[in-house]
Amino acid sequence: MTDGTFEAFRKAEALMAQRRPLDALRELRQVLDEAGEAPSVQLLAGRAYLGSAQLNRAEEAFRKVLDLDPSDHYARFALGKTLQRQGRLPEALAQLRMAVAMHPSPEYQEALGEVKARLALGN
């Protein structure tokens, strides 16, 4: 990454921390062009897409991260949440189960419980 690309990446991270995903995506344009295959870039882009309800793009970004690093528990969690928002509950369940198995955090366990409950209700 060049200095300018790195700065744009850091600015996009800061914008995500401020809950400004669309602004973060604007900053990420250059980063995606220059370093789009980096898992950290795809993960940040996926978060921004998810935060701005661009669910197909979020799914694509998280799947790219997992292609590069199948052990990334956060990418699995985020993919599960993305699939949940798309109403693809069985797929979400599989991803969230893997995320919980890799990293049993309360946030991951809560998301898994939500999907299990929705499936039990037939939603």
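Residues numbered from 1 in each chain as written. Predicted model: local features only at pLDDT ≥ 70, side-chain atom pairs only at ≥ 80, totals over all residues. Heavy atoms only, no water.

For the protein chain, the name recorded in an unreviewed UniProt entry is Tetratricopeptide repeat-containing protein, with Lentzea cavernae as its organism.

Engineer: So what's going on with helix H5 (residues 73-85)? Which residues, and what values?
Structural biologist: The first and last C-alpha atoms of H5 sit 18 Å apart over 13 residues, in line with the 18 Å expected at 1.5 Å per residue. For H5, the full list of buried residues reads Ala75, Arg76, Phe77, Ala78, Leu79, Gly80, Thr82, Leu83 and Gln84. Along its buried surface, H5 packs onto helix H3 (39-51), helix H4 (55-68), helix H6 (89-102) and helix H7 (106-120). Where H5 begins, one side-chain oxygen reaches toward the backbone nitrogen of tyrosine 74, 3.1 Å away; that side chain belongs to aspartate 72. After H5 finishes, the residue glycine 87 shows a positive phi value of roughly 80°. (Helix = DSSP H or I, 4+ residues; strand = E, 2+ residues; numbered from the N terminus. Expected span 1.5 Å × (residues − 1). Buried < 20%, exposed > 50% of the residue type's maximum accessible area, 1.4 Å probe, protein only. Contact = heavy atoms within 4.5 Å. Polar contact = N/O pair within 3.5 Å; in protein donor to acceptor, adjacent residues only side chain to side chain.)

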